[in-house]
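Structural features, examined
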Amino acid sequence: MSHQLPRENNFEVTSLEELAPMADYSLMNSLNCDPDATPDGVDFRPRQVFSGHYVPVRPTPIETPEYVAHSEGLFRELNFADSLAQFADFIRMFSGDLSLVPEPMSKVGWACGYALSIYGTEYVQQCPFQTGNGYGDGRAISVLEAVINGRRWEMQLKGGGRTPYCRGADGRAVLRSSVREFLAQEHMHALGVPTSRSLSLYVSKTEKVRRPWYSEGSHSRDPDQLISEPVAISTRVAPSFIRVGQLELFGRRARKQEHPGAPEELEQLVLHLIDREYNGVIDQTLATPTKIVMLARAFRSRLASLVANWIRVGYCQGNFNSDNCAAGGFTLDYGPFGFCEVFEPFYQPWTGGGQHFSFLNQPVAAEWNFKSFCSALQPLLNAHEDELAELEEIQEGFPEVMQAELQKMWAAKLGLDAFDAGLFRELMMLMTQTPVDYTVFFRELSSIPDDIGPIEKSFYRSLNQAGGADTDALLKRWSEWLAEWKSRIGIDGDGPGSSGSQFREELSRSMKLVNPKYTMREWFVVPAYQRAADGDYRPLRALQDVLTQPYAEQSNAVEARYYRLKPSELFDLGGFSHYSCSS
Ligand SMILES: Nc1ncnc2c1ncn2[C@@H]1O[C@H](COP(=O)(O)OP(=O)(O)OP(=O)(O)O)[C@@H](O)[C@H]1O
Ligand SMILES: [Mg+2]
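This one's a predicted model, so the numbers in the text were calculated from it and none came from an experiment.

On to the overall build of the chain, then. Summing up its helical and strand segments, the chain has 19 helices and twelve strands in all. Taking 2.2 N^0.38 as the reference for a compact globule, 583 residues should give roughly 25 Å; the C-alpha atoms of the chain span a radius of gyration of 24 Å, in line with that estimate. By its C-alpha atoms, the chain is 70 × 60 × 50 Å across when sized along the principal axes. Residues counted as buried form 47% of the 583 residues belonging to the chain. Taking contacts inside the chain between residues at least 6 apart in sequence as the whole, the part at least 24 apart equals 72%.

Moving on: the UniProt feature "binding site: Mg(2+)" (unreviewed entry) in the chain. The positions that UniProt labels "binding site: Mg(2+)" (unreviewed entry) are, in the present scheme, Asn324 and Asp333. Along the chain, the position of Asn324 falls in the loop between strand E11 (315-316) and strand E12 (338-339). Asn324 gets classed as buried once you count the C-beta atoms within 10 Å, which come to 24. If near-sequence neighbours (up to four positions away) are discounted, Asn324 is found in contact with Gln317, Asn319, Leu332 and Asp333.

In the vicinity of ligand 1, the residues found are Asp137, Gly138, Arg139, Ala140, Cys166, Ala169, Asp170, Gly171, Arg172, Asn324, Asp333 and Gly335. Looking at the shell around ligand 1 residue by residue, the class counts come to three nonpolar, four polar and five charged. Two domains each put at least three residues into the shell around ligand 1: domain 1 (16-242) and domain 2 (262-410).

Once that is clear, we can look at the UniProt feature "binding site: ATP" (unreviewed entry) in the chain. Here, the residues flagged by UniProt with the feature "binding site: ATP" (unreviewed entry) are Gly136, Gly138, Arg139, Lys158, Asp170, Gly171, Arg236, Arg243 and Asp333. Here Asp170 shows up in the loop between strand E7 (151-158) and strand E8 (173-174). Judged by the 16 C-beta atoms lying within 10 Å of it, Asp170 falls in the partly exposed class. Aside from chain neighbours lying at most four places away, what touches Asp170 is Arg162 and Val209. With respect to the helices and strands, Arg236 occurs in strand E10 (residues 225-238). We classify Arg236 as buried; it has 25 C-beta atoms within 10 Å.

When the terminal C-alpha atoms of helix H10 (residues 385-396) are compared, their 17 Å separation across twelve residues agrees well with the 16 Å that a helix rising 1.5 Å per residue should span. For H10, the set of buried residues is Glu387, Leu391 and Ile394. Summarising the axial view, the buried residues of H10 lie within an arc of 65°, below the 170-degree limit, and thus occupy one face. Residues Glu385, Asp386, Ala389, Glu393 and Glu396 are exposed on H10 and point more than 90 degrees away from its buried face.

Moving on: the domain arrangement of the chain. Segmentation of the chain into domains returns domain 1 (16-242), domain 2 (262-410), domain 3 (432-512) and domain 4 (522-570). Each of domain 1 and domain 3 was reduced to a C-alpha centroid, and the two centroids are 44 Å apart.

Further remarks concern the confidence of the model for the chain. Within the chain, residue pLDDT values average 95, and 97% of them lie at 70 or more. Segment residues 1-7: pLDDT under 50, and 13 contacts once partners within four positions in sequence are set aside and those in other chains are kept. Confidence metrics for the complex model read pTM 0.96 and ipTM 0.99.

Their axes nearest at 10 Å, the elements helix H8 (residues 288-313) and H10 cross at an angle of 5°. One element, H8, and the other, H10, form an angle in the roughly parallel class. Note on element contacts: H10 touches H8 through Glu387, Glu390, Leu391 and Ile394, opposite Pro289, Ile292, Val293, Ala296, Arg297 and Arg300. Here the residues of the contact of H8 with H10 are counted per class, giving six nonpolar, no polar and four charged.

In contact at an axis separation of 11 Å, helix H7 (residues 262-277) and H8 are set at 60° when each is read in the N-to-C sense. Looking at the two axes, H7 sits oblique to H8. Our pair here, H7 against H8, has a crossing hand that is left-handed. Each of Glu267, Val270 and Ile274 in H7 lies in contact with H8, whose residues at this interface are Thr288, Lys291, Ile292 and Leu295. Grouping the constituent residues of the contact of H7 with H8 by class yields four nonpolar, one polar and two charged.

Let us now look at the nonpolar core. Counting residues in each nonpolar core, the largest one holds 143 residues, and the members touching the most others are Val270 and Leu377. The biggest single contributor to this core is H8, with 13 residues. Apart from residues no more than four positions distant in its own chain, Leu377 is found in contact with Gly251, Val270, Ile292, Ala296 and Leu391.

This paragraph deals with the environment of Asp534. By the element assignment, Asp534 lies in the loop between helix H17 (522-533) and helix H18 (538-547). Asp534 sits 284 residues away from Phe250 along the chain, and the two C-alpha atoms are 44 Å apart.

Here the focus is the pairing of strand E9 (residues 197-213). Pairing of strand E2 (residues 65-70) with E9, which is carried by five bridges, proceeds in the antiparallel orientation. Of the residues in E9, the one forming a bridge with Pro65 is Ser204. Direction of pairing for E9 relative to E10: antiparallel, over a ladder of twelve bridges. By the bridge assignment, Leu201 is partnered in E10 with Ser234.

Criteria and thresholds
- Residues numbered from 1 in each chain as written.
- Chains lettered and ligands numbered in written order.
- Predicted model: local features only at pLDDT ≥ 70, side-chain atom pairs only at ≥ 80, totals over all residues.
- Helix = DSSP H or I, 4+ residues; strand = E, 2+ residues; numbered from the N terminus.
- Rg over C-alpha atoms; globule rule 2.2 N^0.38 Å.
- Buried ≥ 20, exposed ≤ 12 C-beta atoms within 10 Å, placed from the backbone.
- Contact = placed C-beta atoms within 7 Å.
- UniProt positions renumbered as here; feature names shortened; annotations may be inferred.
- Near = placed C-beta within 6 Å.
- Nonpolar A, V, L, I, M, F, W, Y, C, P; charged D, E, K, R; others polar.
- Domains from an automatic or database assignment.
- Expected span 1.5 Å × (residues − 1).
- Arc of directions from axis to C-beta.
- pLDDT = per-residue confidence, 0-100.
- Axes fitted to C-alpha atoms, helices over the stretch in contact; angles between N-to-C directions.
- Parallel < 35°, antiparallel > 145°, perpendicular 65-115°, else oblique.
- Left-handed = near helix turned anticlockwise from the far one by under 90°.
- Core = buried A, V, L, I, M, F, W, Y, C linked by C-beta atoms within 7 Å.
- Pairing = 2+ DSSP bridges.

Next comes the structure, spelled out in structure tokens:
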């Protein structure tokens, strides 16, 4: 597949008219439209979509939209003027009204179907028709594909109204979950973790929907009341939104020979994925079976590196199903996620996620998603024995690749040249038994302290069951561990000003680029979305500022406010420590 690149913008985009010529809809132009679709995109009732890669859908605008925030970082990358985010035309488009967009922009968006596997097990029950043909983008609608500054981007509204995949739900996203996703995407990008990006966030001044949520101070596991919340539309941006689950939908259809065009639709989607996400990595002129093998290898390394990065920064996806796993190897779907504060290997903020999607179990969840990915590709290699064998080998090699990524990551977090199993094992025990704050601990360690004093800042003492002699024994183990660690990194206990001080400073600097100072703690986000619901967006924007520079020391005021352990009164509190799927 090759596309003519439209005009690039080496000028600042200040209006939709200037953006319009960059529109280039490769997905709609080269993939198959659902043959049962209505071209005007008025298609809001749950129904089965039997074939085709996408369904044209007209978004449903939110009533009386108001600007909440935009990503200055992404705007800069796209060469968009900041003022654009508050222009009426732009607000109209990215709050769901495409009726007036200038040519050649499309006045109709599109939604895609996908399948779901949980931990490698194929599901169809979540589809209202029990066939898998009614599951997909239920409230996500893409509205633009454009080549901007030589890069191809897809822009997708989340909460843009019903689609044929809405399963009877309202197609909306509330402000609360939209604020979380909006902030998290740009935070992850700033942390150096591949992710979909945030473009903009608009809220409705008048339209509300009801969602189950927690009453104030509730310790209930599941939401204990229905609340009315403002609806919002956030726009996310990525080279594509193709999920492992999407490949699976077409892989299943090809495997079961559901219709005569099924194998070809699978192949088209796979080639499209390569074109969108692996351009430059996989030579377009190679034969398709060779491309497929290369794709599996490239995705394996991206996925393993992604998950190692998640663990590096304390991120837990919470619901790492195949339909929440982007085939481009970046983070997607910021719903049930959270950042680990008190270190627990099985930290899991989402009440529906269980241990299998918990913090340090993410590599295993990734392995299952990778298996689902490989089995979706298999039908295309049935007549190619050698490539099929290669694919199998690549699939079986996932744990080894994952392990290597994890060891590299832990070594980097500890400032070591190579992973040290003994040192790591004792550290995990100490971190769990103490327990420590994941972010504060590694950041304090990055200063290479003389003794455990600074590290003690990260201790959640109130959670420690041990007392008296046991606590002394724990502190002694910490001191021993620190001494051992310092000898491994090549720094003896001489203190600052010793012969190695320059080396020490450099090592400290590099560790601080691996171990962030600020991460997205839910108790910072709660007041930001609560105030936003009252029309005060300042706390949200202040938080956005802090979270987009997570490695910087930032001001004393920022440090005092955001570089802190979670207050004990917030433990086990609904909406702060855990949340249900409706987040
Ligand atoms: N309010 C809603 N209306 C229609 N469909 C919905 C709604 N909420 C969730 N869905 C659909 O239910 C499925 C599971 O929801 P989940 O929370 O994983 O996804 P999401 O957060 O909406 O979307 P994404 O994975 O696109 O970020 C998805 O297919 C989603 O589109
Ligand atoms: Mg999802």
